[in-house]
Amino acid sequence: MSKEEMSLIYITDELAQKTAKLLHSFALRRPSEGVVYWFGIESGNKAVITTLVVPDADTESGAVRTSVEANARAISVIIGTPLVYVGQAHSHPSAYVRHSHVDDECTFAQFEGVISIVVPWFGKNGLNINECGVYRHIGGSFQRVKNVEEHLVILPAFADLRQCTAMEE
Ligand SMILES: [Zn+2]
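Computed from a prediction, not measured in an experiment: that's the story for all the values here.

K.L.:
Just give me the short version of the overall build of the protein, but keep the residues and values in it.
P.N.:
Across its full length, the protein carries three helices and eight strands. For the protein, the α and β elements follow one another from N to C terminus as β-α-β-β-α-β-α-β-β-β-β. Radius of gyration (C-alpha) of the protein: 16 Å, near the 15 Å computed for a compact globule of 169 residues. Expressed as lengths along the three principal axes of its C-alpha atoms, the size of the protein is roughly 55 × 40 × 35 Å. Residue burial in the protein is summarised as follows: out of 169 residues, 33% are buried. Summarising the internal contacts of the protein: among those between residues at least 6 apart in sequence, 66% fall at separations of at least 24.

K.L.:
Mind laying out the sheet that holds strand β4 (residues 84-91), listing which residues take part and the relevant values?
P.N.:
Note on sheets: strands pair through backbone hydrogen bonds, and any given pair is parallel or antiparallel. Read from one edge to the other, the open sheet built from eight strands follows the order β7-β6-β5-β4-β2-β3-β1-β8, with strand pairing classed as mixed. One side of each edge strand has no neighbouring strand; the edge strands of this open sheet are β7 (141-144) and β8 (152-155). Direction aside, neighbouring strands of the sheet carry axes that sit 30° apart on average. As paired strands, strand β1 (residues 8-12) and β8 are joined by four bridges and run parallel to one another. Within β8, the residue paired with tyrosine 10 across the bridge is valine 153. Sheet strands touched by helix α1 (residues 13-25): β1, β2 (35-43), β3 (46-53), β4, β5 (115-119) and β8. Its angle to β1, the strand with the most contacts, is close to 80°.

K.L.:
Which residues make up the environment of leucine 28, and what are the values?
P.N.:
The topology assignment puts leucine 28 in the loop between α1 and β2. According to the C-beta neighbour criterion, leucine 28 is exposed, with 10 such atoms within 10 Å. Measuring from C-alpha to C-alpha, the distance between leucine 28 and lysine 124 comes to 9.8 Å, with 96 residues separating the pair along the chain.

K.L.:
How would you summarise the environment of valine 119 if you had to cite specific residues and measurements?
P.N.:
Counting through the fold element by element, valine 119 comes out in strand β5. In this structure valine 119 comes out as buried when scored by C-beta crowding, with 28 C-beta atoms within 10 Å. Counting along the chain gives 95 residues from valine 119 to histidine 24, while the straight-line C-alpha distance between them is 9.8 Å. Apart from residues lying up to four places away in sequence, valine 119 is in contact with Ala20, Leu23, Ala89, Ser91, Leu127 and Cys132.

K.L.:
Quick one: what's the story with the environment of phenylalanine 108, residue by residue and with numbers?
P.N.:
Tracing the backbone shows phenylalanine 108 in the loop between α3 (101-106) and β5. Distance from phenylalanine 108 to valine 68, taken between C-alpha atoms, is 9.2 Å for residues 40 residues apart in sequence.

K.L.:
Describe α1, with residues and values.
P.N.:
For α1, with 13 residues, the first-to-last C-alpha span of 18 Å sits near the 18 Å given by 1.5 Å per residue. Within the sequence span of α1, burial applies to Leu15, Ala16, Thr19, Ala20 and Leu23. One side of α1 holds all its buried residues, which, seen down the axis, span an arc of 145°. Tucked into the core, α1 has its buried residues touching β1, β2, β3, β4, β5 and β8.

K.L.:
Just give me the short version of the nonpolar core, but keep the residues and values in it.
P.N.:
Counting 32 residues, the largest nonpolar core has Ile9, Leu23, Val36, Trp38, Val86, Ile117 and Val119 as its most contacted members. At the level of elements, β1, α1, β2, β3, β4, β5 and β6 (133-138) are the ones that each hand at least two residues to this core. In contact with valine 86, not counting residues within four places along its chain, are Ile9, Trp38, Phe39, Gly40, Glu42, Ala47, Ile49, Val114 and Ile115.

Conventions we followed
Residues numbered from 1 in each chain as written. Predicted model: local features only at pLDDT ≥ 70, side-chain atom pairs only at ≥ 80, totals over all residues. Helix = DSSP H or I, 4+ residues; strand = E, 2+ residues; numbered from the N terminus. Rg over C-alpha atoms; globule rule 2.2 N^0.38 Å. Buried ≥ 20, exposed ≤ 12 C-beta atoms within 10 Å, placed from the backbone. Contact = placed C-beta atoms within 7 Å. Pairing = 2+ DSSP bridges. Axes fitted to C-alpha atoms, helices over the stretch in contact; angles between N-to-C directions. Expected span 1.5 Å × (residues − 1). Arc of directions from axis to C-beta. Core = buried A, V, L, I, M, F, W, Y, C linked by C-beta atoms within 7 Å.

Below, the structure is given as structure tokens:
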């Protein structure tokens with residue numbers, strides 16, 4: 001698959017920040033990386049993330065591992081829906097957002113076009129796309145992408161354009 005045929009992935013700012021919040025929830029009891037799977041609707045060469053799934057990951061070591069069973073349960077959420085697996089986000093403890101060897105080898109569901117986002121600081125500061133490592137599975141392995149906007153676009157989730165707010169009523 002060439003880059004031109006790969007889906008451009010869209011996510012709302014609300015789900016992007018919810019992703020960071022869920023990642024940070026892994027680190028509340030003790031420092032730990034976390035993982036969130038992204039599912040959505042893919043059509044033409046666009047994919048829109050609609051659904052976040054947190055697998056029952058093993059974080060004993062401070063890094064994330066997911067068993068075959070945990071991943072099967074994560075996938076079961078989308079059975080009977082038009083949703084497909086689009087990729088995942090995982091957290092790192094510091095500002096360092098390059099894929100580790102383990103990330104390259106062990107990340108769940110490796111096929112052409114899937115996206116992998118590395119969120120710094122255990123997700124504590126939200127998902128600021130310019131601080132994240134953005135990877136896609138291209139030609140058989142994860143490659144860090146430089147032109148992030150050609151791969152991932154963050155959309156507004158809602159807008160309230162009322163000039164008088166309910167508070168002022
Ligand atoms: Zn990692």
